Amino acid sequence: MIWYKLGKLILKYRLILCSLLLAATIGMALVASRIQLSYEFSKAIPTDHPAYIDYQLFKAQFGEEGNLLLLGIQSDQFFSLPFFQSYQHLQKTIRGISGVEDVWSVAGALQLKKDTASEKMKALPVFADSIHSQDALDSAVAILHNSPFYKDLFYNPATKVYLMGVRIDKSLLNSKERNRVVEDVVKNAEAFELLHQTDVRMSGLPLVRTVMSTRIAKEMQLFLVLSVILSALILLFFFRSFSAMLLSMGVVAMGVIWSVATMVLLGYKITILNALIPPLIVVIGIPNCIYFLNKYHLEYKKSGNQQDALINMMGKMGVVTLFCNIAAAIGFAVFALTSSVVLKEFGIVAGINIMVLFVISFLFIPAVLSFLKPPKRRHIRYLENPLLNRWLMRVEKWVFVHPKTIYVVTAIVILLSVAGMLRLKTVGYIVDDLPKKDLLYQDLKFFEQHFGGVMPLEIVVDTKKKGGVTRKLSNLQKIDSLIVYLNALPEVGKCIALTEGLKLLRQAYYEGDSAMYDLPNEFDLAFLVSYLRPAKDSSSKANNLSKVLAGFTDSTRQKARISVTIADVGTARLPVLIEKVRQKADSIFNRDSLETQSATAEARAPRTADITLTGTSVTFVEGSRYIINGLKESIFWAFLLIALTMLYLFRSWRILLCSLIPNIVPLIITAGVMGWVGVPLKPSTVLVFSVALGIAIDVTIRFLINYKQELPQHQFRPVATVKQTIQHAGISIIYTSLVLVAGFVVFCFSGFGGTQSLGWLTSLTLLVSMITNLILLPMLLVATSKKNN
């Protein structure tokens, strides 16, 4: 009876409550206006994870490794004078953009010249700033081709692809300024592309992150508008009432404002995941409105008294809507139990605001309805929808006339789904969310094809002694051996390390002979010691090479860095590749220790070096693994908490069993469909299960509470009560399910594959859930009841 009392209080103080709610919403709107877009990489792993700690330590010692934007051009005419002059101009223009630290390309290649007088190496540009003849250009090209250092690094001679690397200021990578810098680079590249009618391929993490963040902002607005328009049209079609439609839009609008304001108050920013929350609030909020309006119309049709209808609406639907929202909130809030920052933020904001939606709905809908005129005949005509009623009669016939057939069909579908589940694979890619036809994705594959990849992998060799990198030739030789191994792997691009610079230095010492491009031996080092530092040249860009190579040891020269670019091979192959590299590195640097591993502690040879693999590729693998494991745990917690909620609500193990089966079957079917159509398990698809479970259980609660309320009126006869419940609850269940399905279908228009999967997989689950709750649930209630009449 408490809900009836609350209903009377709300109607009594409706003006005060509405005023307070609107005032609070205006205040939250002011807070929401301060929302910001996140420009950082999503923190998929917790800050105490070893992979995260290694990555932060690497950045502290060597700087950010994901600040290179790549431009690629494939052309037979690259070294024709007009084309190359234009390319030089492009490089100069890009270098002049504020926020660009440096530009590396063929046009900026350097050659080392031995100065015997000063016993120093001078770094001189291969190509002069102004080249006026084809002969001069051809001579410079010959010098370039004579240097193995640049081959497969700045150009691929076999395919005639030339690469430009734009190094962006590290301090701008996680700020809005990054977008401005990237956009300026892209504009200049597109102008060059238009001028020469040749494709300029673009990739690299700064570009990927910029494109992703820009699309997130646009899609958030698009989905919000689409979900509002679609929901408004569906409500108008159902209720034939502008007032009911506008009332519902008011509820979800307040819900959206509160959800965005919650992000601001908690210090969160918009990411690819929590950008989905505002449209989700619209999708989840509309069923609240349908439940209340449907019950209001039913009660008004019975009594003809608006006041009584409103009180009965709140008395009967208050508990239903509360527990429906609790179940939905659990489906999202369980993500807060994971240690992944991005999932935690999503779960907290979504869980809180689904409950806020209930409060808004319970206060605002009856208060506003009380100010409006009673519904007219045309507004409640949908309750007698002949088409839906005929379908509900068929459902009733299936339940009571063909139960065995339904059980057999359900068993067959489950078996087929289980077979599909066995085909499921767990795999994800760094640019997994981009469609295969997307230009950014195609450009990434272009760089993988011609240069081995663009995804950073960093190998840090700790020699455990200060100066250990350069003082012991054996350590340099081991680094070179590892690079030879890495360069032979098909998934790996050309590696850069201090040893490559020493090879270039040796070649320069021997008058530029390319046959001398090799690691200096002890004999060479005796002569090269005075040439190890290039001469200072403050008048030009000639110090680029020395600056680059200086970044491949730490300040004490105890640690050496090997920078590798790899292909985006996915989370299935990447851990295998990383482990293979780790084992090879260990066998090279710690061979004696490995050979004596089985010996006693006293006889065991000490490890001479520690090997650490880090970078964006490693953190991505660990992050994906961590998120998927966290999501699997969240499904368990969602299932457990929702089961406890159902047990508390109905106080019956029989009802609990009957309620869970119709909601487990849709999840099994969805997983089976994923297996059969080849959709892999990845963060965006695993997310579906706990979200869909939390939302789909709403239909079950709606049906069971209606069944429980109808049971005494039919002398506790299950068959008669189930028939009546199908007729009374069926229409609102169908309407609500269709609204939810339509709301999630909106996400299928996303430019991100993960969001598309969330859309159609959740829609499929909710559609199947509607069918199982209208057919399987009534059958189970009758079959497990002591009375079968």
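In short, a report on the structure. Just so we're clear, the structure is a prediction, and the values are computed from it rather than from any experiment.

**Section: the overall build of the protein**
Then, number 1: Within the protein, the regular secondary structure consists of 26 helices and 10 strands.
Then, number 2: The proportion of buried residues among the 789 residues of the protein is 58%.
Then, number 3: Within the protein, contacts between residues separated by at least 24 positions form 79% of all contacts whose residues are at least 6 apart in sequence.
Then, number 4: Carbon and sulfur atoms form 61% of the exposed surface of the protein, whose accessible area is close to 33700 Å².
Then, number 5: Positive and negative side-chain charges of the protein, numbering 80 and 55 respectively, have mean locations separated by a distance of 15 Å.

**Things to note about empty space enclosed by the protein**
Then, number 1: Going through the model one piece at a time under the given rule, you end up with three cavities of 30 Å³ or more.
Then, number 2: Estimated volume of the largest cavity: approximately 70 Å³.
Then, number 3: I216, E219, M220, F223, I272, A275, L276, F752 and T755 together form the lining of the largest cavity.
Then, number 4: The element best represented in the lining of the largest cavity is helix α7 (residues 205-239), accounting for four residues.
Then, number 5: Residue classes in the lining of the largest cavity are distributed as seven nonpolar, one polar and one charged.

**Structural notes on the pattern of salt bridges**
Pairing between side chains of opposite charge can happen when their charged atoms approach one another.
Then, number 1: Summed over all chains, the structure comprises 16 salt bridges.
Then, number 2: Residue R180 is joined to D184 by a salt bridge in which the shortest nitrogen-to-oxygen separation is 3.8 Å. With R180 and D184 both in helix α6 (residues 177-196), this residue pair falls four residues apart, about one helical turn.
Then, number 3: Judged by relative accessible area, which is 26%, R180 ranks as partly exposed.
Then, number 4: A relative accessible area of 24% places D184 in the partly exposed class.
Then, number 5: A salt bridge links E500 to K503, with the nearest nitrogen and oxygen atoms 3.3 Å apart. Here K503 and E500 lie together in helix α17 (residues 498-509), a separation of three residues that amounts to about one turn.

**Notes on the nonpolar core**
Then, number 1: Ranked by size, the top nonpolar core spans 269 residues in total, and within it F79, V106, F127, F332, I459, L486 and I562 carry the most contacts.
Then, number 2: Those residues in contact with V106, other than ones at most four positions away along the chain, are F78, F79, F84, F127, L144, F154, Y155, Y162 and L163.

**A short note on the packing of α7 against helix α25 (residues 718-745)**
Then, number 1: Where α7 meets α25, the closest approach of the two axes is 10 Å, and the angle between their N-to-C directions is 160°. Here α25 runs roughly antiparallel to α7, going by the angle between their axes. As α7 packs across α25, the resulting crossing turns out to be right-handed. Within the contact between the two elements, α7 uses L230, I234 and F238 and α25 uses Y735, V739, A742 and G743.
Then, number 2: Along the lines of polarity and charge, the residues of the contact of α7 with α25 split into six nonpolar, one polar and no charged.

**Quick notes on the side chain of T614**
Then, number 1: When you line up the elements, T614 lands in strand β10 (residues 610-614).
Then, number 2: Reaching out from T614, the side chain makes a polar contact with the backbone nitrogen of Y55 at a distance of 3.5 Å.
Then, number 3: Those residues in contact with T614, other than ones at most four positions away along the chain, are A51, D54, Y55, F58, L457 and E458.

**Topic: the pairing of strand β9 (residues 559-566)**
Then, number 1: By the criterion of burial, β9 is predominantly enclosed, with seven of the eight residues buried.
Then, number 2: With eight bridges connecting them, strand β8 (residues 455-462) and β9 associate as antiparallel partners. For D462, the partnering residue across the bridge sits in β9 and is K559.

**Quick notes on the sheet that holds β9**
Then, number 1: One open sheet holds the three strands; their spatial order is β9-β8-β10, and the pairing between them is antiparallel. Both outer strands of the open sheet, β9 and β10, are each paired with one neighbouring strand and no more. Between one strand axis and the next, the sheet turns through 20° on average, direction left out of account.
Then, number 2: Together, β8, β9 and β10 form the strand contacts of helix α20 (residues 574-589), whose direction differs from that of β10 by roughly 160°.

**Some points on the packing of helix α23 (residues 653-677) against helix α26 (residues 753-783)**
Then, number 1: Taken N-terminus to C-terminus, the directions of α23 and α26 make an angle of 145°; their axes are 8 Å apart at the nearest point. As α23 packs across α26, the resulting crossing turns out to be right-handed.
Then, number 2: The residue makeup of the contact of α23 with α26, split by class, is 19 nonpolar, seven polar and one charged.

**Topic: the pairing of β8**
Then, number 1: Burial analysis of β8 places eight of its eight residues in the buried class, the great majority of the element.
Then, number 2: By the alternation rule, side chains of β8 split into M455, L457, I459 and V461 and P456, E458, V460 and D462, which are all buried.
Then, number 3: Across five bridges, the pairing between β8 and β10 is antiparallel. Each residue of the ladder has a partner; that of D462, found in β10, is D610.

**Details of the packing of aromatic side chains**
Then, number 1: If you walk through the whole model with that rule in mind, you get 30 aromatic pairs.
Then, number 2: For the ring pair F78 and F84, a centre distance of 5.8 Å and an interplane angle of 80° mean the geometry is edge-to-face.
Then, number 3: Assessed through its relative accessible area of 1%, F84 is described here as buried.
Then, number 4: For the pair F446 and F447, a centre-to-centre distance of 5.6 Å together with 85° between the ring planes defines the contact as edge-to-face. F447 matches F446 in its accessibility class, with the two residues each being buried.
Then, number 5: Directly above the ring of F237 sits R240, whose terminal nitrogen or CZ lies 5.0 Å from the centroid.

**Observations concerning helix α3 (residues 50-62)**
An α-helical turn contains 3.6 residues, so any two residues separated by three or four positions project in the same direction.
Then, number 1: Here α3 spans 18 Å end to end across 13 residues, near enough to the 18 Å set by a 1.5 Å rise per residue.
Then, number 2: Lining the buried residues of α3 we find β8, β9, β10 and α22 (616-650).
Then, number 3: Just downstream of α3 lies G63, where phi reads positive at about 90°.

**Here we look at the side chain of T765**
Then, number 1: Along the polypeptide, T765 turns up in helix α26.
Then, number 2: Assessed through its relative accessible area of 1%, T765 is described here as buried.
Then, number 3: Separated by 2.7 Å, the side chain of T765 and the backbone oxygen of L761 make a polar contact.
Then, number 4: Not counting residues up to four positions away in its chain, the partners in contact with T765 are P666, L667, T670, V688 and A692.

**What about a nonpolar patch on the surface?**
Then, number 1: The grouping of I2, L6, L9, Y13, I16 and L20 at the surface amounts to a nonpolar patch, some 580 Å² of accessible area in total.
Then, number 2: Listed by contribution, the elements that provide at least two residues to the nonpolar patch are α1 (2-12) and α2 (14-32).
Then, number 3: Sorting elements by how many residues they give to the nonpolar patch places α1 first, with three residues.
Then, number 4: Considering the arrangement of structural elements, one finds L6 in helix α1.

**Considering unusual backbone geometry**
Then, number 1: Although it is not a glycine, R240 sits at a positive phi angle of roughly 55°.
Then, number 2: Summarising the element assignment, R240 is placed in the loop between α7 and α8 (242-265).
Then, number 3: A positive phi angle, near 60°, is found at R557, a position not held by glycine.
Then, number 4: Tracing the backbone shows R557 in the loop between α19 (544-550) and β9.

Calculation criteria
Residues numbered from 1 in each chain as written. Predicted model: local features only at pLDDT ≥ 70, side-chain atom pairs only at ≥ 80, totals over all residues. Heavy atoms only, no water. Helix = DSSP H or I, 4+ residues; strand = E, 2+ residues; numbered from the N terminus. Buried < 20%, exposed > 50% of the residue type's maximum accessible area, 1.4 Å probe, protein only. Contact = heavy atoms within 4.5 Å. Areas by Shrake-Rupley, 256 points an atom, 1.4 Å probe, with all protein chains shown as cover. Lys, Arg positive; Asp, Glu negative; His and termini not counted. Charge placed at Lys NZ, Arg CZ, Asp CG, Glu CD. 1 Å grid on protein atoms, 1.4 Å probe; cavity = no way out; pocket = protein on both sides within 12 Å on 5 of 7 lines; lining within 4 Å. Points joined across faces, edges and corners; volume = space filled by probe spheres on them. Nonpolar A, V, L, I, M, F, W, Y, C, P; charged D, E, K, R; others polar. Salt bridge = Lys/Arg side-chain N within 4 Å of Asp/Glu carboxyl O. Core = buried A, V, L, I, M, F, W, Y, C linked by side-chain atoms within 4.5 Å. Axes fitted to C-alpha atoms, helices over the stretch in contact; angles between N-to-C directions. Parallel < 35°, antiparallel > 145°, perpendicular 65-115°, else oblique. Left-handed = near helix turned anticlockwise from the far one by under 90°. Polar contact = N/O pair within 3.5 Å; in protein donor to acceptor, adjacent residues only side chain to side chain. Pairing = 2+ DSSP bridges. Phe/Tyr/Trp six-rings, centres within 6.5 Å; stacked < 30°, edge-to-face > 60°. Lys NZ or Arg CZ within 6 Å of the ring centre and 35° of its normal. Expected span 1.5 Å × (residues − 1). Patch = residues over 30% accessible without salt bridge, like charges linked within 9 Å, V, L, I, M, F, W, Y side chains within 5 Å.

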